Amino acid sequence: MNDQFLGKTALVTGAASGIGQATALAFAKNGARVVVADLADASETLGKIKELGGESLYIKVDVSQEDEVKDMIKKTIDIFGSLDYAFNNAGIETGAVAIDKTDAEVFDQIMAVNLRGVFLCMKYQIPEMRKTGNAAIVNCASIAGLNGFAGLGAYAASKHGVVGLTKAAALENAKKGVRINAVCPGVIRTPMVERFTGGDPTLEASLILGEPMGRLGLPEEIANTVIFLCSSDASFMTAQAVSVDGGWISA
Ligand code: NAI
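For every chain, the first residue of its written sequence is number 1, and the numbers climb from 1 along that sequence. Local features are withheld for residues below a pLDDT of 70 in this predicted model, meaning they are given only at 70 or higher, and side-chain atom pairs are given and counted only at 80 or more; totals for whole chains, interfaces and linings count all residues. Note that the side-chain values use all heavy atoms of the structure and ignore hydrogens as well as water.

> Can you lay out the overall build of the protein for me, pointing to particular residues and giving the numbers?
Under the scheme used here, helices are H or I runs from DSSP no shorter than 4 residues and strands are E runs no shorter than 2 residues, and both carry numbers assigned from the N terminus. A count of helical and extended segments in the protein gives 8 helices and 7 strands. Against the 2.2 N^0.38 benchmark of 18 Å for 251 residues, the protein shows a C-alpha radius of gyration of 17 Å, consistent with a compact globule. Dimensions of the protein, computed from C-alpha atoms along their principal axes, come out at roughly 45 × 35 × 35 Å. Burial status follows relative accessibility: with a 1.4 Å probe on protein chains alone, a residue under 20% of its type maximum counts as buried, one over 50% as exposed, and anything between as partly exposed. Burial analysis of the protein (251 residues in total) assigns 49% to the buried set. Here a residue-residue contact requires only that any non-hydrogen atoms of the pair lie within 4.5 Å. A fraction of 68% describes how many contacts in the protein between residues 6 or more apart in sequence connect residues 24 or more apart. The globule rule used here is 2.2 Å times the number of residues to the 0.38 power, and the radius of gyration it is set against is calculated over C-alpha atoms.

In structure tokens, the structure reads:
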């Protein structure tokens, strides 16, 4: 338990599943009240937080919709009184498709959730966080936000956008009490990756082969990094894109 999170409010988008769920639980374990925000039903996450003796609030939100994001932040403040930490994590993927075969609508949808969603969340989080004077945001990018991936053009573009947006927002707020960083996960064992491989063991084996540690990452390994980046242990860190990828980016 990290005492500095006691009585603080953490908001996690995409908290119904995978990395978002693991991070919501990590905030709860460290004593924060957690806003569990997702488009999907999040009763599993809420149940697990309850088992931990934690306090949570579910807000149904589509992060690509400005009025819904605005309402999410207002509701958070109305109910919990402040917003101290946010993990802007909600995201969607595509299957591997070359750019000349990608529908413009699919491109727009990926950008709407993965990039516009992060933009909208920060737009409404930052003014509230400046009031606390000691707040932190972590945005979920990807190793695809730092490298090109054949077949993942739209996804990689959205995640490179998250890194750029993170750096700009961090510099705008460096003297205003809000640190803003991005986490760049490698291949993490979540429902998203299960959808991507479609349960094909050969495809999963090829993903593992690309990981220098010889295994996929776990959602909790990303959650631990988010908790670190939000904590005072990371008090001189802002505008960073931190890879948590078993060495993938350097291989
Ligand atoms: P996941 O599919 O398990 O979880 C994503 C969550 O986001 C789901 O609960 C879903 O309902 C929610 N969501 C989707 N669209 C939404 C919207 N418009 N508004 C609100 N919520 C929405 O996926 P996973 O793997 O946990 O991914 C979380 C984040 O991590 C994503 O941003 C993803 O791009 C990123 N990431 C994942 C990697 C992996 O290997 N699993 C690698 C690198 C990045």
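> Explain the site of the ligand to me, using residue names and the numbers behind them.
One heavy atom suffices: a residue is near a molecule or strand as soon as one of its heavy atoms comes within 4 Å of it. Taken together, the neighbourhood of the ligand is formed by 30 residues, with Ser-17, Asp-38, Asn-89, Tyr-155 and Thr-190 sitting nearest. Between an oxygen atom of the ligand and a side-chain N or O atom of Ser-17, the distance comes to 2.6 Å. N or O atoms within 3.5 Å of each other form a polar contact, as long as, within protein, one can give a hydrogen and the other can take it, and as long as residues adjacent in sequence are counted only when both atoms are side-chain atoms. A distance of 2.5 Å separates an oxygen atom of the ligand from a polar atom in the side chain of Thr-190. Ranked by residue count, the leading element in the shell around the ligand is helix 6 (residues 191–197), at 4 residues. Any residue that is not Ala, Val, Leu, Ile, Met, Phe, Trp, Tyr, Cys, Pro, Asp, Glu, Lys or Arg is counted as polar, Gly included; the first ten are nonpolar and the last four charged. A breakdown of the residues in the shell around the ligand according to their chemical character gives 18 nonpolar, 8 polar and 4 charged.

> I'd like a rundown of the side chain of Asn-181, residues and numbers included.
Mapped onto the secondary structure, Asn-181 falls in strand 6 (residues 178–185). Overall, Asn-181 belongs to the buried group, its relative accessible area being 1%. Those residues in contact with Asn-181 that sit more than four places away from it in its chain are Ile-137, Val-138, Asn-139, Thr-166, Leu-229, Met-237, Thr-238, Ala-239 and Gln-240.

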